[in-house]
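Okay, here's what each chain looks like letter by letter:
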Amino acid sequence: MTLVAGVDSSTQSCKVVVRDAATGTLVRKGSAPHPDATEVDPQYWWDAAQTALAAAGGLDDVASVSVAAQQHGMVCLDEEGKVVRPALLWNDLRSGPAADALVEELGADAWANAVGSVPVASFTVAKLRWLAEHEPDNARRTQAVCLPHDWLTWKLLESHRQGSGLEMLTTDRSDASGTGYWSAITGEYRLDLLERALGRVVAVPRVLGPAESPGRRGPVVLGAGAGDNASAALVLGPRAGDVIVSVGTSGVVSASCDVLMPDSSGTVAGFADATGRYLPLVCTVNASRVLEAFARILGVDQPGLSDLALSAPAGADGLVVLPYLEGERTPNLPDASGELHGLRLKTSTAAHLARAAFEGVLCGLADALDAVEARGVVIERVHLIGGASRSEALRQIAPMVFGRPVLVPPPGEYVADGAAFQAMWALDPDKQPEPWPSDTSLRFDAAPMPAVRARYGEVRDRFIAGYLDKTAIQVS
């Protein structure tokens, strides 16, 4: 049996799976938590990876390993290869004004045509502008910038490095396309955009092909690695007409396609995938944590929140939750907060609040589906993944809100599984392997409820208009 390992270094934890390369059968697994913060010393990721790898039985009998991780995180290294400051994560929105400034300087069309996406607070390029403006000493110390999966892969190569080892930094197309200074259109870095953000050019990782290896850790072959969403898509193997909706810490809508259509509105990010194709993607900051917050408010666990939601009528009798608890990326409202609308005596029940929380999260994701569809992606079915996909309420309400059948694959660590699949590909890079066989997904169908989305849309539009008016007053 040839074993391959996949690592998922997510916002909340590090998870490791070890699988049989031939069949995909899970052999063992491990995990370890990450700090709950929007800026994190990367050493925590490395320590968690070591713990998770040990819990998964280590790499002594593993032929190949690959690392997938959260996208966009800014990891700055000095001339000796040491971390300059804690990494700013994708969900750290302090760089919102920096993103706005970068877009204003060049124009949204120019950014979309240059790299396939328009910068928002999450993107690395915006975080580098923030660093240059707010921490100039750290900006001057920075000699290389990379992403979480780049840094962890580089750490795995540590025994083979000489000196600072900065020249051994590597990344892949999927993660590079989320920086804002690598073009998914041309497949090349735009160092002029990096310089615009940071004030100068620094070292960046070499971009590997999907099956290319950056090297070995002893006898173990390393895979190229990938961004988390691209990694999950690798193992799910969506067909034409399928879109993946992930409801985890963030909410993500993505679809693999052959042609990239840049979106100058900035709603759809024109990312690359982990196969050589493209992965148009929309991300919301607020997803499962909204459900966790309402469970705390109501004093129930997640199954209890689900039961409450399913006991309330569709539409929650007009009660609407705008789920912008941590600001928002889509729509681009970095300083927003959540709001509750339509609270009456009739709707002031635990069941109505629970239902409105689920519908608020799903309506935000339905807006994301609309945006992807507007870029020419045909959407016939939705694959629902992420930790919150285990919720019966989410499964049953999703097809009502999305207006399409919803498929829920068996519970699994799809990001880590995708990394393991990529590790297998690295062992035989000349042939892309077929996806591992999987158990049948559960299918959920329901009559569409356009009134739910219409009510949500009214509240959303009023909120955005007020937000923009308030922002304009503050600027003036």
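Structure: above.
Cut-offs applied
- Residues numbered from 1 in each chain as written.
- Predicted model: local features only at pLDDT ≥ 70, side-chain atom pairs only at ≥ 80, totals over all residues.
- Heavy atoms only, no water.
- Helix = DSSP H or I, 4+ residues; strand = E, 2+ residues; numbered from the N terminus.
- Buried < 20%, exposed > 50% of the residue type's maximum accessible area, 1.4 Å probe, protein only.
- Axes fitted to C-alpha atoms, helices over the stretch in contact; angles between N-to-C directions.
- Parallel < 35°, antiparallel > 145°, perpendicular 65-115°, else oblique.
- Contact = heavy atoms within 4.5 Å.
- Nonpolar A, V, L, I, M, F, W, Y, C, P; charged D, E, K, R; others polar.
- Pairing = 2+ DSSP bridges.
- Phe/Tyr/Trp six-rings, centres within 6.5 Å; stacked < 30°, edge-to-face > 60°.
- Polar contact = N/O pair within 3.5 Å; in protein donor to acceptor, adjacent residues only side chain to side chain.
- Salt bridge = Lys/Arg side-chain N within 4 Å of Asp/Glu carboxyl O.

A. Main features of unusual backbone geometry. For the bond running from Thr 330 to Pro 331, omega is 0 degrees, close enough to zero to count as cis. By the element assignment, Pro 331 lies in the loop between strand E20 (320-322) and strand E21 (339-341). Positioned with a positive phi, Ala 316 is a non-glycine residue whose angle comes to about 50 degrees. Checked against the element boundaries, Ala 316 lands in the loop between helix H11 (302-310) and E20. Accessibility expressed as a relative area gives 0% for Ala 316, which makes it buried.

B. Structural view of the packing of helix H2 (residues 96-106) against helix H4 (residues 124-134). Where H2 meets H4, the closest approach of the two axes is 8 Å, and the angle between their N-to-C directions is 105 degrees. The angle between the axes of H2 and H4 places the two elements in the roughly perpendicular class. Residues Ala 98, Ala 99, Ala 101, Leu 102 and Glu 105 of H2 form the contact with H4, whose participating residues are Val 125, Ala 126, Arg 129 and Trp 130. Counted by class, the contact of H2 with H4 contains seven nonpolar, no polar and two charged residues.

C. Main features of helix H10 (residues 288-298). Looking at H10, one finds that the buried residues are Ser 288, Val 290, Leu 291, Ala 293, Phe 294 and Ala 295. Buried positions along H10 lie against strand E16 (242-247), H11, E20 and helix H12 (350-374). Residue Gly 299 follows H10 closely and has a positive phi angle near 70 degrees.

D. The arrangement of the pairing of strand E19 (residues 278-284) in detail. Judged by how many residues are buried, E19 sits mostly within the fold: seven of seven residues are covered. Covered by surrounding structure in E19 are Tyr 278, Pro 280, Val 282 and Thr 284 together with Leu 279, Leu 281 and Cys 283, the residues of both alternating faces. Summarising the sheet, strand E17 (residues 251-254) and E19 pair through four bridges and their orientation is antiparallel. Within the sheet, the bridge partner assigned to Val 252 lies in E19 and is Cys 283. When strand E18 (residues 269-272) meets E19, the two strands line up antiparallel, connected through four bridges. When the bridges of E19 are listed, Ala 272 appears paired with Tyr 278. Remark: five residues form the turn of the hairpin made by E18 and E19, two consecutive strands paired antiparallel; Gly 276 in that turn has positive phi of roughly 105 degrees.

E. Structural view of the packing of aromatic side chains. The tally for this structure, following the rule as stated, stands at five aromatic pairs. Seen from their ring centres, Tyr 181 and Tyr 189 are 6.4 Å apart, and the 20 degrees between their planes marks the pair as stacked. Note on Tyr 181: relative accessible area 2%, which makes it buried. Both rings, one in Phe 463 and one in Tyr 467, keep their centres 6.4 Å apart while their planes meet at 25 degrees; by these two values the pair is stacked. Placement of both Phe 463 and Tyr 467 in helix H15 (residues 450-475) is noted, with a separation of four residues, approximately one turn of the helix. Assessed through its relative accessible area of 14%, Tyr 467 is described here as buried.

F. Region of interest: the sheet that holds strand E23 (residues 406-408). The strand order across the open sheet formed by seven strands is E18-E19-E17-E16-E22-E23-E24, and the pairing between neighbours is mixed. Edge strands, defined here as strands with exactly one partner in the open sheet, are E18 and strand E24 (442-444). Taken pair by pair, the neighbouring strands of this sheet meet at an average axis angle of 30 degrees, ignoring direction. Taken together, the five bridges between E16 and strand E22 (residues 381-385) define a ladder with parallel strand orientation. Residue pairing across strands places Val 245 opposite Leu 384, the latter belonging to E22. Sheet contacts for H12: E16, E17, E19 and E22; angle to E17, the most-contacted strand, approximately 25 degrees.

G. Representation of the environment of Thr 179 in the model. As for its position among the elements, Thr 179 is in the loop between helix H7 (173-176) and strand E10 (182-183). Non-local contacts of Thr 179, meaning those with residues more than four positions away in its chain, are made with Phe 123, Thr 124, Val 125 and Leu 147. Of the polar contacts made by the side chain of Thr 179, one reaches the backbone oxygen of Ala 176; its length is 2.8 Å.

H. Layout of the pairing of strand E3 (residues 26-33). Inspection of the sheet shows strand E2 (residues 13-20) paired to E3 by seven bridges, in the antiparallel sense. Note on E3: the bridge partner recorded for Cys 14 is Ala 32. Once E2 ends, the chain turns through five residues before running back antiparallel as E3, passing Gly 24 with a positive phi of about 80 degrees.

I. Broad picture of helix H13 (residues 392-402). Of all 11 residues in H13, eight are buried, a share of seventy percent or more. Turning to H13, its buried residues are Ala 393, Leu 394, Arg 395, Ile 397, Ala 398, Pro 399, Val 401 and Phe 402. A positive phi of about 70 degrees marks Gly 403, the residue just after H13.

J. Expanded view of the environment of Met 449. Within the secondary structure layout, Met 449 lies in the loop between E24 and H15. Discounting chain neighbours no more than four positions away, the residues touching Met 449 are Ala 314 and Met 400.

K. Highlighting the pattern of salt bridges. Here the structure, examined in full by the defined rule, presents 27 salt bridges. Of the charged contacts, one joins Arg 140 and Asp 137 as a salt bridge, the two residues approaching to 2.2 Å between their closest N and O atoms. A residue pair is termed a helical-turn pair when its members lie 3 or 4 positions apart in one helix, as Arg 140 and Asp 137 do in helix H5 (residues 136-141) at three residues. Put simply, Glu 158 and Lys 155 hold a salt bridge, and the shortest N to O gap is 3.3 Å. The partly exposed category is assigned to Glu 158, whose relative accessible area is 35%. The network of salt bridges with common partners includes Glu 39, Arg 85, Asp 92, Arg 94 and Glu 135.

On their own, these measurements won't tell you what the molecule is for.
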